[in-house]
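# Coordinate analysis (summary)
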Amino acid sequence: IVAATVELLQHHGIAGLSVEEVARRANVAKATVYRRWPTKQDLVLAVLARVRGPVPELPADLPVRDALVRLLTTAAGDHHDPARGNLLLRRLIGEFEAQPDLARDYLTRVIGPRREHLLDLLRRGIREGVIRVDADLELAAEALFAPILLGTWIPFGPRIRAARVPDLVDLILAGLAPPP
């Protein structure tokens, strides 16, 4: 079911996806699909979450800088790996504007846990004294992740490759550091 949904989304987008066609391609009854995912939107979100994979787990004793590098290196690799859904996401970004409920749910269910994980690391940075207490962590999270997403959404544009992630993290952390 997931493979059939991914294939249909890649070729026809959300608007061209039907549960009937997913069931036919997956060789299951429509009721089987609806039993697990009551709506087409639920199916699409579940598939996008599965393709993206779980939020990476990091050792609790890893220094904040190293944890950020590892988290963002994983994200940079995922976002440039066709098997992890970057091509699918690129196809669907344009459709999100026409389907704001789906876009909101994608941000909440799929991106939200990743964003919260990143914010937790930044909060830990405050506790450990590597980030000043008055830092705008929401803005810092955007600044860390936006270059990675930009390369996904605009395939011909600048990309932050995994090898450059430490430079990005160091640049942002330097701006967030407490005064000497």
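Structure's up top.
Residues numbered from 1 in each chain as written. Predicted model: local features only at pLDDT ≥ 70, side-chain atom pairs only at ≥ 80, totals over all residues. Heavy atoms only, no water.

With that settled, the discussion passes to the packing of aromatic side chains. Summed over the entire model, instances satisfying the criterion amount to 1 aromatic pair. Relative to Y106, the ring of F96 lies with its centre 5.4 Å away and its plane at 35°, an arrangement referred to as tilted. Placement of the pair is F96 in helix α6 (residues 86–96) and Y106 in helix α7 (residues 100–127), with a sequence separation of 10 residues. Judged by relative accessible area, F96 falls into the buried class, the value being 9%. Classification of Y106 as buried rests on a relative accessible area of 6%. (Phe/Tyr/Trp six-rings, centres within 6.5 Å; stacked < 30°, edge-to-face > 60°. Helix = DSSP H or I, 4+ residues; strand = E, 2+ residues; numbered from the N terminus. Buried < 20%, exposed > 50% of the residue type's maximum accessible area, 1.4 Å probe, protein only.)

With respect to the helices and strands, the residue E95 is situated in helix α6. A polar contact is formed between the side chain of E95 and the backbone nitrogen of I14, at a distance of 2.8 Å. Engagement of the side chain of E95 in a polar contact is seen with the backbone nitrogen of A15, the distance being 3.0 Å. (Polar contact = N/O pair within 3.5 Å; in protein donor to acceptor, adjacent residues only side chain to side chain.)

Scope: geometric values only; no functional claims are made or implied.
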